[in-house]
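Take a look at the letters that make up each chain.
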Amino acid sequence: MKVPEKPVTGVTFEELAMPLFDQLYNFARWLAQDTAEAEDLVQETYAKALRGFSSFQAGTNFRAWMYRILRNSFLSSRTGLKTMVAIDGEADENLLPAEDITPESILIEQANREMVQEALTELSVPFREILLLCEVEEMSYQEISETLVIPVGTVMSRLFRARKALRVLLRKRIEGGRDGV
Amino acid sequence: MACEQGRGKLDAYLDGELGPAEASVLGVHLRACAACAAEALGRVQMKRAVHVAGTRYAVSAELRDRIAKSIAPKTRRESGWHWQILAIPALLVLILSVAVNFYAGRENARRQRVYSELADLHVAALASAAPVDVVSTDRHTVKPWFQGKIPFTFNLPELQGSEFTLLGGRVTYFAQTPGAHLIYQVRKHEVSVFIFQDRTFGDHGEETATLPTGPVHALSFNAESWAQGGLRCFVVGDVGPEEIQALSKLLRDAG
């Protein structure tokens, strides 16, 4: 869904924010891994955003701004403080894929949605959130950069690492499934 | 483009983040290289799988309603309060204004009725064959004449040295209440002086306080009215306001 990058004069907060509601909740639910906590997060996000809307600078990305508020709310929550882990070596990451045999080809055959969901859940929060922002929210690198408050280069390297980690998790599951059969 | 170099840029290419020139070069390579094309296809499938898997959680209608209400109706309610805060005083001012205008209009109508009636009495007396019942220029003759005819007494001024002449008096009625009607002459004009008990007007719904003290112009006549010692006096005539005021002053000074 396209959201205007610049709030038009006279457009209310409600008109800009409510179209993002479903995606924000989905994102919050993925981060918190708990329905009640996700609901609290979304509610807190909207309350904070409404209070800060008058200071929202025209020309900046409203969607990225909303996601950043939600993410910051999550990071300052008890769950968020526990789940966020430091990621080492992001800037020096080699962006080349590590394996010749990719699990993607297997996924073409299996298309196991639940398996991907389980793998996403297992990912660390920094990897999970950047994958969700890129693949689910279809944000540009620049938007992700604004949302996570990290440089675009870091977005690229973290995204690469996240995809690689997801492939590893999927490989384990696929191989475990084959071993079980 | 070498395969290794191409695969390093494949994610950015599939994410739509590669510049046009680089994207074009990589596109050419993918069409020529089956291995890299298969790799690209696999990553597209992965992106698609994550997209589908990631779109997982549906929000409850209850939460949506709760948040929608928390951000939308609140602002409307606030604007409603602002509207009420502004509207209530405005409404009060409007009501007050209407009430004042209504009251003022009603009082003005009352005054008009009083002066119209007095003007009628003045004209009727002058049109009469006997405008006065007691004909005398002497105040000491005219004043006693009213004794027993009206329920009050009054003083009349000494006119020596003034331009006014007392012609006489008669008993008159206003709202079925007796009063004194005196006629004075100034040059060739007759001027009526009416004296009633002040309560006459209150008793008949004509509030004394609403009758003006001072000069009045009504129905082509000049007039002046004042209350003094429980009596209400009116001077009515077709002379100028200066003469009306001069006679009024003489009467007030005598009272």
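Heads up: these notes are all about the structure in this document. Owing to the predicted nature of the structure, the values given are computational and were not obtained by experimental measurement.

Some words on the pairing of strand S3 (residues 177–186) of chain B
All names here are of chain B.
Then step 1. Within S3, nine of the ten residues are buried, leaving the element largely enclosed by the surrounding structure.
Then step 2. Sheet topology note: the strand S2 (residues 164–174)/S3 ladder contains ten bridges and is antiparallel. Bridge pairing links Val 171 to Ala 180 in S3.
Then step 3. The turn linking S2 back onto S3 is made up of two residues, and Ala 175 within it adopts a positive phi angle of 55 degrees.
Then step 4. Sheet topology note: the S3/strand S4 (residues 189–197) ladder contains seven bridges and is antiparallel.

Notes on the pairing of strand S7 (residues 231–237) of chain B
Residues and elements named next belong to chain B.
Then step 1. The element S7 is extensively covered by neighbouring structure, given that seven of its seven residues are classed as buried.
Then step 2. A two-sided burial pattern is seen for S7, the buried positions comprising Leu 231, Cys 233, Val 235 and Gly 237 on one face and Arg 232, Phe 234 and Val 236 on the other.
Then step 3. Here strand S6 (residues 221–228) runs beside S7; their pairing, made up of seven bridges, is antiparallel. Residue Glu 224 lies in a different strand from S7, and its bridge partner there is Val 235.
Then step 4. Count of turn residues in the S6/S7 antiparallel hairpin: two residues, of which Gly 229 carries a positive phi of about 60 degrees.

Some words on the interface of chain A and chain B
Then step 1. Listed by partner, the interface residues are 39 residues for chain A and 34 residues for chain B.
Then step 2. In this assembly, chain A packs against chain B so that about 3500 Å² is buried in total across both faces, 64% of it on carbon and sulfur atoms.
Then step 3. Summed over the three residues of chain A that lose the most area to chain B, namely A:Phe21, A:Glu135 and A:Tyr141, the buried surface amounts to 15% of that side.
Then step 4. The interface formed by chain A and chain B includes four salt bridges.
Then step 5. B:Asp11 serves as the salt-bridge partner of A:Arg163, at 3.6 Å between the closest nitrogen and oxygen.
Then step 6. Our count for the chain A to chain B interface comes out at 14 residue pairs in polar contact (both at pLDDT 80 or more).
Then step 7. Listing elements by their share of the side of chain A that touches chain B, those giving two or more residues are helix H1 (13–17), helix H2 (21–32), helix H3 (35–52), helix H6 (103–110), helix H7 (113–122), helix H8 (125–136) and helix H10 (152–180) of chain A.

Brief notes about the pattern of salt bridges
Then step 1. Following the criterion strictly, the structure yields 21 salt bridges over all chains and no others.
Then step 2. Between A:Glu135 and A:Arg163 there is a salt bridge, with its nearest N and O atoms 2.7 Å apart. Taken together, the residues span a long stretch of sequence, with A:Glu135 in helix H8 and A:Arg163 in helix H10 at a distance of 28 residues. One exposure class covers both A:Glu135 and A:Arg163, and it is buried.
Then step 3. Overlapping salt bridges bring together A:Glu135, A:Arg163, B:Asp11, B:Asp15, B:Glu39, B:Arg43 and B:Lys47 as one network.

With respect to the packing of aromatic side chains
Then step 1. For the structure on display, the rule yields 13 aromatic pairs over all chains.
Then step 2. With a centroid separation of 5.6 Å and 45 degrees between ring planes, the pair formed by A:Phe62 and A:Trp65 is classed as tilted. Of this pair, A:Phe62 and A:Trp65 both sit in helix H4 (residues 62–75), three residues apart, which is roughly one turn of that helix.
Then step 3. Residue class for A:Phe62 comes out buried when judged on its relative accessible area of 0%.
Then step 4. An aromatic cluster of three or more residues is present, and its members are A:Phe13, A:Phe21, A:Tyr46, A:Phe53, A:Phe62 and A:Trp65.
Then step 5. A cation over a ring is seen here: B:Lys149 above B:Trp145, with NZ or CZ 4.3 Å from the ring centre.
Then step 6. Across from the ring centre of B:Trp226, 4.9 Å away, lies the NZ or CZ of B:Arg252, which sits over that ring.

Here's the deal with the nonpolar core
A general tendency of soluble globular proteins is for nonpolar side chains to be buried together.
Then step 1. A:Phe13, A:Tyr46, A:Phe62, A:Trp65, A:Met66, A:Leu120 and A:Leu166 are the most contacted members of the largest nonpolar core, which totals 71 residues.
Then step 2. Beyond its immediate chain neighbours, meaning those up to four positions away, A:Leu120 contacts A:Trp30, A:Arg128, A:Leu131, A:Leu166, B:Val50, B:Ala53 and B:Gly54.
Then step 3. In terms of nonpolar packing, the next biggest core, distinct from the first, is built from 26 residues, B:Phe154, B:Leu166, B:Val239 and B:Ile244 among them.

A closer look at the state of the cysteines
Residue and element names in this part refer to chain B.
Then step 1. All chains considered together, the criterion is met by zero disulfides over all chains.
Then step 2. Free of any disulfide, Cys 3 has its nearest neighbouring cysteine sulfur in Cys 33, separated by 3.5 Å.
Then step 3. The buried category is assigned to Cys 33, whose relative accessible area is 13%.

Some words on the environment of B:Gly27
All names here are of chain B.
Then step 1. Mapped onto the secondary structure, Gly 27 falls in helix H3 (residues 20–32).
Then step 2. The exposure class assigned to Gly 27 is buried, which follows from its relative accessible area of 7%.
Then step 3. Here the alpha-carbon distance between Gly 27 and Gly 6, two residues 21 residues apart in the chain, equals 9.4 Å.

Notes on the side chain of B:Ser136
Residues and elements named next belong to chain B.
Then step 1. Along the chain, the position of Ser 136 falls in the loop between strand S1 (134–135) and helix H7 (139–145).
Then step 2. What makes Ser 136 buried here is its relative accessible area of 12%.
Then step 3. In terms of polar contacts, Ser 136 uses its side chain to reach the backbone amide nitrogen of Asp 138, at 2.9 Å.

Remarks on the side chain of B:Arg232
Residue and element names in this part refer to chain B.
Then step 1. Structurally, Arg 232 can be placed in strand S7.
Then step 2. The class of Arg 232 is buried, set by a relative accessible area of 2%.
Then step 3. In terms of polar contacts, Arg 232 uses its side chain to reach the side chain of Asp 198, at 3.4 Å.
Then step 4. Here Ser 225 takes part through its side chain, which lies 2.7 Å from a polar atom of the side chain of Arg 232.

Rules used throughout
Sequence positions are assigned chain by chain, starting from 1 and proceeding in written order. To label them, take the chains in the order written and letter them from A, then take the ligands in the order written and number them from 1. Totals for whole chains, interfaces and linings use every residue, but because this is a predicted model, local features are given only for residues with pLDDT of at least 70 and side-chain atom pairs only at 80 or more, for both listing and counting. Side-chain metrics in this entry use all non-hydrogen atoms of the structure; hydrogen atoms and water are not considered. Remark: exposure states derive from per-residue accessible area (1.4 Å probe, protein chains only) relative to the maximum for the residue type, with buried under 20%, exposed over 50%, and partly exposed in between. Strands are runs of DSSP state E lasting at least two residues, helices are runs of H or I lasting at least four, and both sets are numbered from the N terminus onward. Strands qualify as paired when DSSP identifies two bridges or more between them. Working rule for contacts: check all heavy atoms of both residues, and any pair within 4.5 Å makes them a contact. Buried area: the sum, over both parts, of the accessible surface (1.4 Å probe) that disappears when the two are put together. The salt bridge criterion pairs a side-chain nitrogen of Lys or Arg with a carboxyl oxygen of Asp or Glu, the two atoms within 4 Å. The term polar contact refers here to a pair of N or O atoms within 3.5 Å; inside protein, the definition further demands a hydrogen-donor-capable atom paired with an acceptor-capable atom, and it admits residues adjacent in sequence only when both atoms are side-chain atoms. Here is the rule: rings of Phe, Tyr and Trp (six-membered ring for Trp) pair when centre to centre is within 6.5 Å. Planes less than 30 degrees apart are stacked, more than 60 are edge-to-face, and the remainder are tilted. We count a charge as sitting over a ring when the NZ of a lysine or the CZ of an arginine lies within 6 Å of the ring centre and within 35 degrees of the ring normal. As used in this record, nonpolar core signifies buried Ala, Val, Leu, Ile, Met, Phe, Trp, Tyr and Cys residues forming a set joined through side-chain atoms within 4.5 Å. Disulfides are defined as cysteine sulfur pairs within 2.5 Å.

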